[in-house]
Amino acid sequence: MTALRWGIAGAGGISRSFVVALRTLPKSEHQLVAVGARDVGRARQFCDDNMIATAKAHGSYAELARDDCIDVVYVGVVTGMHHDVVNLLLKAGKHVVCEKPLGVNAQQVSSMIECARKYKRFLMEGVWSLFFPAMVRLREELERETVGEPTIVTGHFGMKLDSSVNMYGPDGGSLIHLGMYLVAFARYIFREKSHSVAAVAEPYPSGVDACTAFSIKYPRGKMATFICSSQITCDDNGVTVYGTKGKLEIPNSIQSPTRLNTPERKHDFTSDLPHADVQTNHKNATGFTYQIKHVKECLEKGLLESPIISHEDSLEIVKTLDEIRKQANITYDCD
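Here is a short report on the structure shown in this document.

Thresholds, definitions, all that
Residues numbered from 1 in each chain as written. Predicted model: local features only at pLDDT ≥ 70, side-chain atom pairs only at ≥ 80, totals over all residues. Heavy atoms only, no water. Helix = DSSP H or I, 4+ residues; strand = E, 2+ residues; numbered from the N terminus. Rg over C-alpha atoms; globule rule 2.2 N^0.38 Å. Buried < 20%, exposed > 50% of the residue type's maximum accessible area, 1.4 Å probe, protein only. Contact = heavy atoms within 4.5 Å. Areas by Shrake-Rupley, 256 points an atom, 1.4 Å probe, with all protein chains shown as cover. Lys, Arg positive; Asp, Glu negative; His and termini not counted. Charge placed at Lys NZ, Arg CZ, Asp CG, Glu CD. Expected span 1.5 Å × (residues − 1). Pairing = 2+ DSSP bridges. Axes fitted to C-alpha atoms, helices over the stretch in contact; angles between N-to-C directions. Nonpolar A, V, L, I, M, F, W, Y, C, P; charged D, E, K, R; others polar.

1. Overview of the overall build of the chain
Here's step 1: Counting its secondary structure elements, the chain contains 10 helices and 14 strands.
Here's step 2: Here the C-alpha atoms of the chain give a radius of gyration of 19 Å, agreeing with the 20 Å that 2.2 N^0.38 yields for 335 residues.
Here's step 3: Counting only C-alpha atoms and orienting by the principal axes, one finds that the chain spans roughly 55 × 45 × 40 Å.
Here's step 4: For the chain, with 335 residues in total, the buried portion stands at 57%.
Here's step 5: Long-range pairs, those at least 24 residues apart, make up 70% of the contacts in the chain with a sequence separation of at least 6.
Here's step 6: For the chain, the accessible area works out to roughly 14200 Å², and carbon and sulfur atoms hold 49% of it.
Here's step 7: Averaging the coordinates of the 38 positive side-chain charges in the chain and doing the same for the 39 negative ones gives two points 3 Å apart.

This is the structure in structure tokens:
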């Protein structure tokens, strides 16, 4: 397969981090050919700021969708716009990687999956944490039954978020921006549908959550218990998997994990991260390369969904998030 031609939808901070990672990969394999934003000025400024002068700047997402030079689009727009932008691109024949969360609720995610299947396009929720080498090694340890059968998962994710409309607006809060990583991790470990959820939340003045604590019950007595907060930043933000024979621990950021502790040794994958020539707002931003390379592998195999985070995974994750919100009385404008 020739170089995969990428388009970017959205000119915000997360798109910048994605582009920084993309630029570390060989141009013979990945090329950034276009950027789309709400107006052409923002798109041009994004190209200038990120030293991608050869990329075309589009003044709307519809214009980006019509660009025949694009194979796949990374969607980094605000969460409330994911549904409309993703479906627009899929209908135009583009493959899509959408920054997590894929949608605000299960209805939106179902709609996007149905659209991808109808137009036979690849669609993946961009939960970048799942592609880091530390997480891949954790999966290998589970398959080897190093700690026996995983039974309990615990963790927390606290990161003080800015007061922007996106973070605390009608589709924001700690659960959708931070807790989503924890729910996705539980799904990654147990690979089963949850039985029930219990949750409580501290509301933010806008009505979304500032902090949420929740437990998810799975078949055969398995349990996941987490807390997420957008009001404080925790030093470790780690997660632990307790099995019948021991435990596996990611002691640092669940968002971009670079370390894994097993019963035998402590693994550090930090040196595997590609070097970035500029700073970004996201720690370990070049870790997006693991996700980017996975997408190319999927497309070369003719896959329309990822085996790491499938359509079913995305749907089960958002259904769990919906139930947590219901239990904790968290509502979004789109509900």
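Let's pick the thread back up.
2. What about helix α5 (residues 106–119)?
Here's step 1: Here α5 spans 20 Å end to end across 14 residues, near enough to the 20 Å set by a 1.5 Å rise per residue.
Here's step 2: Every buried residue belonging to α5 is among Ala 106, Gln 108, Val 109, Met 112, Ile 113, Cys 115 and Ala 116, and all of these are buried.
Here's step 3: As for α5, its buried residues are in contact with α4 (82–91), β6 (123–126) and α10 (311–328).
Here's step 4: At the C-terminal side of α5, Lys 120 shows a positive phi close to 55°.

3. Digging into the environment of Phe 46
Here's step 1: Among the structural elements, Phe 46 can be located in helix α2 (residues 40–49).
Here's step 2: We classify Phe 46 as buried; its relative accessible area is 5%.

4. Quick look at the sheet that holds strand β1 (residues 4–9)
Hydrogen bonds along the backbone pair up the strands of a sheet, which may run parallel or antiparallel.
Here's step 1: Here 6 strands make up an open sheet; going across it, the order is β3-β2-β1-β4-β5-β6 and the pairing parallel. For this open sheet the edge positions go to β3 (56–58) and β6, each flanked by a neighbour on one side alone. Within the sheet, the average angular offset between the axes of one strand and its neighbour, ignoring direction, is 25°.
Here's step 2: Two elements, strand β2 (residues 30–36) and β3, share 3 bridges in a ladder whose sense is parallel. Each residue of the ladder has a partner; that of Val 35, found in β3, is Ala 57.
Here's step 3: In the packing of α4 onto the sheet, the strands contacted are β1, β4 (72–75), β5 (95–99) and β6, and the crossing angle to β5 comes to about 165°.
Here's step 4: Lying over the sheet, helix α9 (residues 288–300) contacts β1, β2, β4, β5 and β6, oriented at roughly 125° with respect to β1.

5. Some details on the packing of helix α6 (residues 133–143) against helix α8 (residues 174–190)
Here's step 1: Here α6 crosses α8 at 35°, and the two axes come no closer than 10 Å. Residues Met 135, Val 136, Leu 138, Arg 139 and Leu 142 of α6 lie in contact with α8, whose contacting residues are Phe 185, Tyr 188 and Ile 189.
Here's step 2: For the contact of α6 with α8, the per-class residue count stands at 7 nonpolar, no polar and 1 charged.

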